[in-house]
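Structural description and commentary
This is what each chain is made of:
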Amino acid sequence: MSALGVDPALAAASILLVVAGATGWPRGRSGRVVLVLLCLAVILLSALPVFTVPFSHDAQILRVAFAARDASADWNHPFLSYLLNRPAALHSFDPVILRLVPFLWFAAEALLSGLVAYRLAGRLAAALTVIWMAHSVRLSMGMVDLSDWNLAGVFLSLMLLRATRGGPSSGLGRYVPAGALLILGGCFSSYMMIVPSLVMLAWEIRRSATGLQSFWHAAASAVAAAVALYFFLDVVSIGRMAPKLGFAADFLPVVSEMFLVSPPLGQGPLIPALTLGGLVLMPGSGRRSSWLFLAATVLLGLIAVLAGLVLAAINGGYYFGLMKGPVFIAAAAFTAAASRFPAGQLCRTGLSRRAASALAALVVLSVVVAGTFRTAPIDEVMKASGVEHVGGLVDASGRGERRILSNDQNAVILMEYHEIVEGRMDIGQILDSRRSNWVTRTVSVFGVDSIDCKSLPADFLFMFRRSGDRMKECDLFRAADCRELFADGGGGECRESGRTFCYYDCRRKD
């Protein structure tokens, strides 16, 4: 979907950044400052709506609990993202505050990826890379659900940036094991970072073998990679034993999601083709090593995700989102090259070089903007309309006096989080799998607990989620008389509207 029909301010800033990148104006130091300011404007405009998205999934709330109480308690994710967000989690339960640090990761990832693109392919490639990275914050996991993808992406972009440096290490740099530190930082952010970490190790070994740096760097990177691999294999072994975490049966739908929905490849219909063109387009010999690093990261990352769908606890195509930076850099480099190629052909028709370059860039970039500038948020991570009434449902239940039924597996933790925000429950309780409180004793979930239309209580409250369990074996609204709570005046019946959460006061039909 084009950004023009979704967010005019973001679309205008993005197009202005493309124009600045394509024309090279303004030039000099002031031009670079203007370019950076435009980048920051696009990043901030894209992230603004994400700050205020209320928590509507258990993962978001669990990550607050891990950050506030035990950064090492999550078996499936490393500790670093939780540890860095601990000050915010101890200070506030407000989603805006809790997303400040993830926003910094996202902004740093976008800017660093743009810097890599600038070094490899120039200003236009840098502008496009930043725009795609910025737009992706509304379309993927990361800042919206407090997950570790953007933090890991910072380390990945720093690896790519290190790979674009030429010449031997000098000064203090020859003693600092930068590659090893990046490997450890990346893998303590996300276990998926094992893929670029192995590429980083190979790059460090090659530089040491060719005399560009001492073998100290390669040895330190090898030790760091061994440590990272140990933790990675440990979590993979746990994932293989965890029930219902293998998704081989859903292989094709997940692959479809990866290429059609989730960033980076699903961000626009042209992205896969542009990326393939960028990976095939090999820069000059001075940049060949850097480009091989980038290409290996993309291809091995794709293979790792596809293999993980069958062999481990990967449950969605969004795992490839870690590779946004390398994919967008490759796509942007190809776009920049494609905008230059027809200019030479147009010059043969008699047009001046400047006019031919401008016309070619205009045509190519118009197609790219229409085919890749997507800013409409996906339902799964952004839409949570009605979740603000969870507190009202808690009050209507008398905190345990009336049964609550739901088709949403997140219902229990959402109500517990309301109690935590109100100061009636400690957030550490959420990390106790054996916890018992009025919420766990009162709330029953279709598809999880033993409840169907035959076992409905005489009097109960019902919390409906549009994306929750479909309750195929129980048409609750036929089995009970239900009155909508918190009705949106003039908005129509909740289930027929676009609202995500609906609430009802029900009586069983006898």
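A separate point is the overall build of the chain. When you go through the chain residue by residue, the secondary structure sums to 22 helices and five strands. In the chain, the proportion of contacts linking residues at least 24 apart, taken out of those at least 6 apart, comes to 75%. When the accessible area of the chain is evaluated, it comes to approximately 22,700 Å², of which 63% is carbon and sulfur surface.

The five strands are arranged β2-β1-β3-β5-β4 in an open sheet whose pairing can be described as mixed. In the strand order of this sheet, the two ends are held by β2 (443-445) and β4 (480-485), each with one partner. Here the average twist between neighbouring strands, direction ignored, is 30 degrees. As judged from the seven bridges shared by strand β3 (residues 459-465) and strand β5 (residues 501-508), these two strands associate in the antiparallel manner. By the bridge assignment for β5, arginine 465 is matched with phenylalanine 501.

Summarising the element assignment, glycine 186 is placed in helix α10 (residues 178-187). In this structure, the C-alpha to C-alpha distance between glycine 186 and serine 197, residues 11 residues apart in sequence, is 7.6 Å. With residues near it in sequence (within four places) discarded, glycine 186 still touches Phe155 and Met193.

Turning our attention to the nonpolar core. Membership of the largest hydrophobic core comes to 90 residues, with the highest contact counts inside it found for Leu17, Leu128 and Trp132. Residues Ala67, Tyr417, Ile430 and Met463 belong to the second largest nonpolar core, which totals 38 residues.

On to helix α7 (residues 100-121), then. Given a rise of 1.5 Å per residue, 22 residues ought to cover 32 Å, and the 31 Å separating the end C-alpha atoms of α7 matches this to within 8%. In the stretch just after α7, glycine 122 is the one whose phi turns positive, near 100 degrees.

In this structure, proline 264 follows proline 263 across a cis peptide bond, with omega equal to 5 degrees. Positionally, proline 264 belongs in the loop between α13 (251-260) and α14 (271-280). You will see that leucine 146, though not glycine, has its phi angle at about 60 degrees, which is positive. For leucine 146, the location among the structural elements is in the loop between α8 (123-135) and α9 (149-163). Using a relative accessible area of 5% as the deciding quantity, one classes leucine 146 as buried. Positioned with a positive phi, arginine 399 is a non-glycine residue whose angle comes to about 50 degrees. Counting through the fold element by element, arginine 399 comes out in the loop between α19 (390-396) and β1 (403-406). In this structure arginine 399 comes out as partly exposed when scored by relative accessible area, which is 29%.

Here the focus is the packing of aromatic side chains. Two aromatic rings, taken as a pair, are described by how far apart their centres are and by the angle between their planes. Using the criterion set out here, one finds 18 aromatic pairs in the structure. Taking 5.4 Å as the distance between ring centres and 50 degrees as the angle between the ring planes, the aromatic pair formed by phenylalanine 51 and phenylalanine 103 counts as tilted. Note that phenylalanine 51 is positioned in helix α2 (residues 28-51) and phenylalanine 103 in helix α7, a separation of 52 residues in sequence. Note on phenylalanine 93 and tyrosine 417: the rings are 6.1 Å apart at their centroids and 70 degrees apart in plane angle, and the pair reads as edge-to-face.

This brings us to the state of the cysteines. Scanning the entire structure with this criterion turns up three disulfides. Each sulfur of the disulfide joining cysteine 453 and cysteine 474 lies 1.9 Å from the other. Handedness of the cysteine 453-cysteine 474 disulfide follows from its S-S torsion of about 90 degrees: it is right-handed. Of this pair, cysteine 453 sits in the loop between β2 and β3 while cysteine 474 sits in the loop between β3 and α22 (476-479), and the two are 21 residues apart along the sequence. For cysteine 453, a relative accessible area of 24% corresponds to the partly exposed category.

Here we come to the pattern of salt bridges. Taken as a whole, this structure holds 17 salt bridges when the rule is applied. Here the residues in one salt-bridge network are Arg402, Asp459, Arg483, Asp505 and Arg507, joined through shared partners.

With 12 residues, helix α3 (residues 58-69) extends 16 Å from end C-alpha to end C-alpha; this agrees with the ideal 16 Å at 1.5 Å per step. Looking only at α3, the buried set comprises Gln60, Ile61, Arg63, Val64, Ala65, Phe66, Ala67 and Ala68. On the buried face of α3, the contacting elements are α4 (80-84), α5 (86-91), α6 (95-98) and α20 (411-421).

The subject of this paragraph is a nonpolar patch on the surface. A cluster of nonpolar residues, Val33, Val36, Leu37, Leu40 and Leu111, forms a patch on the protein surface that exposes about 400 Å² of accessible area. Among the elements that take part in the nonpolar patch, α2 stands out by supplying four residues, more than any other. If you trace the backbone, leucine 111 turns up in helix α7.

Time to look at the side chain of arginine 99. Take arginine 99: it is sitting in the loop between α6 and α7. Among buried Asp, Glu, Lys and Arg side chains, arginine 99 stands out as unpaired, with aspartate 94 the closest opposite charge at 7.1 Å. A polar contact of 2.6 Å, which involves the side chain of arginine 99, links it to the backbone oxygen of valine 53. The residues contacting arginine 99, other than those within four sequence positions of it, are Val50, Phe51, Thr52, Val53, Phe55, Gln60, Met143, Val144 and Leu146.

This part covers the confidence of the model for the chain. Of the residues in the chain, 88% have a pLDDT of 70 or more, and the chain-wide mean is 86. For the stretch residues 1-5, pLDDT sits under 50, and the model shows 11 contacts to residues farther than four places along the chain or on other chains. Between residues 243-249, whose pLDDT stays under 50, and residues either more than four places distant or in other chains, the model counts 11 contacts.

Moving on to the packing of helix α11 (residues 194-209) against helix α15 (residues 288-311). Two quantities define a packed helix pair, namely the angle between the helix axes and the distance between the axes. Closest axis-to-axis distance for the α11/α15 pair is 9 Å, and the angle between their directions is 150 degrees. Taken together, the axis directions place α11 and α15 in an arrangement best described as roughly antiparallel. Handedness of the crossing formed by α11 with α15: right-handed. For the pair formed by α11 and α15, the contact residues are Val195, Pro196, Val199, Met200, Trp203 and Arg206 on the first element and Ser289, Phe293, Ala296, Thr297, Leu300, Gly301 and Ala304 on the second.

What follows covers the environment of arginine 441. Counting through the fold element by element, arginine 441 comes out in helix α21 (residues 438-442). C-alpha of arginine 441 to C-alpha of valine 412: the two residues are 29 residues apart in sequence and 9.7 Å apart in space.

Thresholds applied
- Residues numbered from 1 in each chain as written.
- Predicted model: local features only at pLDDT ≥ 70, side-chain atom pairs only at ≥ 80, totals over all residues.
- Heavy atoms only, no water.
- Helix = DSSP H or I, 4+ residues; strand = E, 2+ residues; numbered from the N terminus.
- Contact = heavy atoms within 4.5 Å.
- Areas by Shrake-Rupley, 256 points an atom, 1.4 Å probe, with all protein chains shown as cover.
- Pairing = 2+ DSSP bridges.
- Axes fitted to C-alpha atoms, helices over the stretch in contact; angles between N-to-C directions.
- Core = buried A, V, L, I, M, F, W, Y, C linked by side-chain atoms within 4.5 Å.
- Buried < 20%, exposed > 50% of the residue type's maximum accessible area, 1.4 Å probe, protein only.
- Expected span 1.5 Å × (residues − 1).
- Phe/Tyr/Trp six-rings, centres within 6.5 Å; stacked < 30°, edge-to-face > 60°.
- Disulfide = S-S within 2.5 Å.
- Salt bridge = Lys/Arg side-chain N within 4 Å of Asp/Glu carboxyl O.
- Patch = residues over 30% accessible without salt bridge, like charges linked within 9 Å, V, L, I, M, F, W, Y side chains within 5 Å.
- Lys, Arg positive; Asp, Glu negative; His and termini not counted.
- Polar contact = N/O pair within 3.5 Å; in protein donor to acceptor, adjacent residues only side chain to side chain.
- pLDDT = per-residue confidence, 0-100.
- Parallel < 35°, antiparallel > 145°, perpendicular 65-115°, else oblique.
- Left-handed = near helix turned anticlockwise from the far one by under 90°.

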